[in-house]
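# Results of the structural survey
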Amino acid sequence: MSPELASLLRILAAVGLMLMNGVILIYMLRRVLGRLHQRLGPVHVGPQGLLQTPMDVLKLLTKEDITPTNVDKALYFIAPAAVFTPSLMAYAAIPFSPTWMVTDLDTGLLYTLVVMSLVSMGLLMAGWASANKWSLIGGMRSVGQHIAYEIPLLLSVLPVVMYVGTLNLSSIVEAQSGTWLGILPQWFITNPLFWPAFIIFIVSALIKVNQTPFDMSEAESELVAGFATEYSSMKFGLFFLSEFSNSFIVSALAVTLFFGGWTLPFVPDEVLAPIAPVVFMLKVYVGIFVLMWIRGTLPRVRMDHLMQFAWKILIPAVLTWILVFGFIIKLFDLGRPVG
Amino acid sequence: MWGKGILNGMRITMRNMLRGPITVRYPYERVTLPERARWAVEVVRDESGAHKCTACMTCVRACPDHILDLQFTTAEDKSKHIDYLRYEMGACMMCGLCVEACPFDALKMGQDYELAKLTRDELTVDLLVDVAAAAPARAKKASEVPAGGTDDSRGGGTDG
Amino acid sequence: MRPDVTAVDRALTSFGSKYSVCDAQVGIIVACDQSDALPILQALRDSELDFAMLLDLFGRDVDGKIEITYHLRSYSRDQELYVRCHLDHDGDLHSVWTVYPSALMPERETAELYGLTLSDHPNPKRLLTTDGVPPLLRKSVPIRTVEEVRSR
Amino acid sequence: MTEPHFTVTESGLMTPEGMYIPGEPPKGIRRIPKGVDRLGTEHLIVNMGPQHPSTHGVLHLIVELDGEEVVTVEVSIGFLHRGIEKLAESRRFDHLGTLMDRGDYVSVIHGEQAVALAVEKLMEIEVPAKAAWIRTLTAELTRLASHLVWFGTFGLDTGAMGQFLYAMRDREVLLDILEEISGQRMMFNYVRPGGVVADLPTGIESRILSFCDTFEVYLEEHDALLGGNEIFQARVKGIGVVSKETALAFGLTGANLRASGLGFDVRRDRPYDAYPELEFDIPIGTIGDSWDRYTVRMEEMRQSLRMIRQLVGGMPGGPFTAKVPKVLRPPAGEVYASVESSRGETGIHLFTDGGTTPYRMHYRAASLFTCQLFEEILPGHLFADACMLLGSFDIMLGEVDR
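The structure displayed is predicted, hence computed values, not measured ones.

Residue and element names in this part refer to chain B. With antiparallel pairing, three strands are arranged side by side in an open sheet as β2-β3-β5. The two strands at the open ends of the sheet, each matched to only one other strand, are β2 (68-74) and β5 (124-132). Strand-to-strand twist across the sheet, computed as the mean angle between neighbouring axes with direction ignored, equals 10°. Sheet topology note: the β2/strand β3 (residues 80-88) ladder contains seven bridges and is antiparallel. Looking across to β3, one finds that Gln71 is bridged to Tyr84.

Written out as C-alpha cells, the structure is:
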C-alpha cells in the first residue's frame, strides 16, 4: 500500500468515525437527557429507538433546502462547511491507540486546539450571513465567548506540556502509563498537582462544546435558535454534527491529557494493545456522559458574567498557576520529560 | 463555597435519573380515567338501545356555545318526533352543562378521549337521527312503564 | 374598606361642586366629569387617604352613555373608592396615566372597545383588535347569534 | 444624544377619523425612538414574539437593543383576544365559569371562584361550610399547579430544561387529582354560585395527603436545584428591581406586589370562603428583584401545601352546595368580588339588571397590569435578563387579552 493511499484511508476513516459519532452521540444525548428528566427518550423506531437518529438524518437529508431571500449567499453556504471542517480536522491528531491515529503530529496538542478555535469563525459567518437579527446576536456572542476562553484553554494544558516536555499527544499518553506506588494509575488526574489545570481546562472546554451552561450562541429561550435560526436541511445538520463532534474532541482531549488516554493500569501491554481503542472510546464516552449530565442540570450563564469570569478570574488564575507549577516542578525536579 | 449549589444540583438530577422514568407510553399503555372524566357528549341508552330524550330542548338552551341542535316535529297526538340531535364536537368545550341540565338523564359525558378526526365534517356528530322522542319520564314514572318505550314506529326507529 | 365620606369631601374641597359623593351598594362612588377626573384622582392620591393604586379602570355602556369607573385602593388605610364619570358615545377619554401609569393599557382597551377617542395618551393605538373591528362592548354591537352559530 | 425621532404607525390610532392626525407626535414614556448614540452605531429593533420561546404565549414585545442592552420596549398584546367580557353578557350566571376557565387557563379555579363569589354577594347566598372548604382546597391545589408552571418555565427561561420537566412531573399528579375531583384536567367548571358541582370523590383525601408527602420532598429538591444554583442566583439577584412605589403605580398585585415589600393578600385582607379559618403566612420580599419574586412564590407553594393539609384534615360535613334556583336571577345591582389568584388579584365587577345574564361583567386581570410594567422595567437590562424577567413576573396571556 502506497503511503498516499494509506493516509487517504485514514482520513476517510476519520470522516466515517465523525459521522458515526454524531449519530451515536445524538441518540445518546436523547436517551441520557431523557433519563435525567425521568422520561424515556426515543424508544419507538427500531429496538430501543436505535434507528431514530438515522431516520432523523435521513429526514434532514431529504428535507427541502430553504435559502432565505436576503441572505449573503456565498457566506451562507460556506458557513456550515467552515464549522464542520475544523471539527473534522481536529480528529487528525487524537491517538485512539499506540498505532491508531490519522497522523502522529509532534505538535498534536497545539494543532487540535488551534483547529478547534476555527469553529467560531464559521459560527460568526453563519450569524452574519443569515440576515436575521437573532442569528447576528448569536454569532457575536459565540465569537466573544470563544475568544475569551481560547486563552485559558490553551494555557490550562501548559502544565501537562511542561511536565512531559512534548506537544505530541501519544507521548503524553505514554507518560501516563504505569502506576504510582503500585496503587493508583499514573494518570495526571490522580496527581493533585494537575487538579487546578484540569478544572480550568474543563470550564474552558465546556465553552467549545456550546451547550448549557454556555450555549450563549444558541440560547433557545433568548435567541430562538441563535446562529442556526435560518438554516434548514443538511446545512443545519452540519452544525449539529460539528457540535457533537466538538464534544467528542473535548472529551477525547480531556481523556488524553488527564485520564491516561488508552492506558489502563495493571494491564500488561500485550493484552492492552488490541483493546486500546475500546478503552479510549469508553473513557471518552464517560466524559461525554458527564457533559450531558451538566447539560441536563445547569441553567445558562449570562454573557457578561461569562466574559468577566474569563478575563477577571480564569486567565489570572491560570497564569498564576503556571508560574507556581513551574516553580514546583523545578524546585523538586518533578518533571518527567519523555523522548 | 461557590459551586456547592451546582454540585448539589448535579446530585439531584442524578437522583432523579435513578428514580426511573415516569412516562406512560400512550398507545401501548393507557391510564384509566376517573369516574367523573368529561369527554364528548353521548346519549344514554339502556340495554335495548333505547334513549330517553324527550326533545324538551333544555340541553340546547343550556349549552353556552350553542353547539347542540335539536329539531323535532310534533304529531297531532302531541307526541314528538326527533328529526335530529346534532352535536358539534369540534366546538364543544366539554363543560358538562347540558348533562347537568338534562331533566331526564338522557345525556352523559362519554369517557372516550380519542376524539381526533380526519375531516372537519366528522366533528359534527348526529347523536340521534330520525327517532321518536321517548315518552316523558314523568309520565313513565307515573304509569311505572319500564324504560325504553319507543314503540312508536313512525320514524322507522333507526338511531344515529 | 369604605372610606369616610367626609374624608373624601375633605380631600376634594378645592373642587367645589364639580363632584358628588354617594354611598352605593358597591362602595363609595365619587361622580364627576371625565375632564375633571385627572385632577380629582391626583387630589385623592396625594391626600391623606393615600389612594396609591389604580386597581382597575373599565367602562360600561348604560343609558346611552359610556360610564367610566376608576377603582382606587389605598393600602395604607385598606380602603377602596370608585370614581365614576360619564361620556357621550364617541366622546373623548382624557388619559390619567400621568397620575396612575397603570391606566395606560386599560384606557386603550376601554377607548377601543367603546369607540372613544383617547387624548393625552402617549400611545393611543388599538390594543386588542385590528382596524375596522367595531367597538365590541357597546350594547349596539351584537355578538354572534344562535342563528349565526347554526348556519356555520 | 441626538433628538430621537418617532416611528408612529398611522393606522390604529384612536382619533375621530380613525387615523393619525399629522402634527406633534405623542409624547411620553411610551415611544420607539430610533436610537443613535455617539459612536454612530445603530440600535437594533427586534420583534420578540408573538412566537418566541420565552414570551410564554402570544405576547409581542418590540424591543430596541443597544448591543445586548434593552433600550426601549413596547408591549403589544391582543393576539388572544376572545371578548370574554362581551360573551359574558350572553351567558347565564351559572355558566360564567366556563368563560373564566378560558381567561387564566392555568389557575382556573380562581376565576370561577371570583364569579361565584360575585353572584353570591349579589344574591346573598350563604355558602355551606363544606362547599367553601372544597373550593378553597381546589383553589390551593390549583395555585400549586400554576406555580409549578411558573417555576418550570422560569427554569426554562434560564436554559435549564430539567426544572421544567420535574415541575411538570409534579403538576401531572396534581392535575390527576383535580381531574378526579372535577372531571377535567384544566377547564374544571367546578365552582358554581352557591357551592360546587359535586362532592369530593371518596378516597381523594388520602391521595391528596400522599401527594403532599412526596411533594414536600420534591419542592425542597426544586428549590435546591434552581434556587440553590449559583449561576441562577447570579442571574436573578438584583435584577429587575421593582420598588414599592413602581409596583403601586403600575397596579401590581399578588406575589409580585408582595415581593416588592407590600404584604397585601386578598386571602387574608379580604377573606373569602374558608380562608379565615386557615393558618398561613404571607411571604414578603424586600427589594422586589427577581430573586424576591422567586423566593416569595416558592414560599407560597410551601404555604399552599400547609393549607392543603389543614383543609383535608378539617373538612366539615354537610351539603356541598346551597339551595339555589335552577336559573339564577340576581337583583339589579353592582358588585365587586376578588380572589387571590396565582398571578395576583383577579376581580369580577358585575353589573346586573335583574335578568338571567349579566348586564356587564368586567374581569380585572392581574396579568394585564403586570404586562404594562415591562415597558418600564425592562429597559436598562441585558436582553438575556429581559427574557428571565418575563418569566419571573409570571404573566398569563389568556388573562391579559381576555
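Turning our eyes to something else, we now look at the arrangement of the chains. Of all five pairs of chains that touch, the greatest number of contacts is found between chains C and D. No part of chain A reaches chain C; the closest C-alpha pair between them is 25 Å apart.

Residue and element names in this part refer to chain A. Here helix α6 (residues 133-156) contains 24 residues, and its C-alpha end-to-end distance of 35 Å stays within 8% of the 34 Å for a straight helix at 1.5 Å per residue. The sharpest bend along α6 comes to roughly 30°, located at Tyr149, with the proline Pro152 sitting one to four residues further on. For α6, a buried count of 18 out of 24 residues is recorded, marking the element as mostly surrounded by other parts of the structure. At the N-terminal boundary of α6, the capping side chain belongs to Asn132, with an oxygen 2.7 Å from the backbone nitrogen of Trp134.

With a phi angle near 55°, Gln48(A) is a residue other than glycine that sits in the positive phi range. Looking at the secondary structure, you find Gln48(A) in the loop between α1 (3-36) and α2 (52-62). Notably, Asp50(C) is not glycine yet its phi reads approximately 60°, a positive angle. By the secondary structure assignment, Asp50(C) is in the loop between α2 (37-46) and β3 (53-62).

As a further point, take the pairing of strand β2 (residues 28-33) of chain C. Residue and element names in this part refer to chain C. Bridging between strand β1 (residues 19-23) and β2 involves five bridges; their strand directions are antiparallel. From the neighbouring strand, Tyr19 faces β2, where its bridge partner is Cys32. Counted along the chain from β1 to the antiparallel partner β2, the turn is four residues long, and its residue Gly27 has a positive phi close to 155°.

All names here are of chain D. Pairing within the open sheet is antiparallel, and its three strands lie in the order β6-β7-β8. Among the strands making up the open sheet, the edge pair consists of β6 (333-341) and β8 (360-364). Averaged over neighbouring strand pairs, the angle between their axes works out to 15° when direction is ignored. The sheet contact formed by strand β7 (residues 344-352) and β8 spans five bridges and is antiparallel. Bridged to Phe351 within β8 is Arg360. Across the sheet, helix α3 (residues 108-123) is in contact with β6, β7 and β8; its angle to β6 comes to roughly 150°.

For the rest of this paragraph, the subject is the packing of aromatic side chains. A complete count under the given rule lists 33 aromatic pairs over all chains for this structure. Centre to centre, the rings of Phe201(A) and Phe258(A) are 5.7 Å apart; their planes meet at 55°, and the pair counts as tilted. In this pair, Phe201(A) is assigned in helix α9 (residues 195-209) and Phe258(A) in helix α11 (residues 233-258), connecting sequence segments 57 residues apart. In this structure Phe201(A) comes out as buried when scored by relative accessible area, which is 1%. Classification of Phe258(A) by relative accessible area gives buried; the value is 0%. Lying over the aromatic face of Phe393(D), Arg293(D) brings its terminal NZ or CZ to 4.0 Å of the ring centre.

Rules of the game
Residues numbered from 1 in each chain as written. Chains lettered and ligands numbered in written order. Predicted model: local features only at pLDDT ≥ 70, side-chain atom pairs only at ≥ 80, totals over all residues. Heavy atoms only, no water. Pairing = 2+ DSSP bridges. Helix = DSSP H or I, 4+ residues; strand = E, 2+ residues; numbered from the N terminus. Axes fitted to C-alpha atoms, helices over the stretch in contact; angles between N-to-C directions. Contact = heavy atoms within 4.5 Å. Expected span 1.5 Å × (residues − 1). Bend = angle between axes of the 7 residues up to and from the residue. Buried < 20%, exposed > 50% of the residue type's maximum accessible area, 1.4 Å probe, protein only. Polar contact = N/O pair within 3.5 Å; in protein donor to acceptor, adjacent residues only side chain to side chain. Phe/Tyr/Trp six-rings, centres within 6.5 Å; stacked < 30°, edge-to-face > 60°. Lys NZ or Arg CZ within 6 Å of the ring centre and 35° of its normal.

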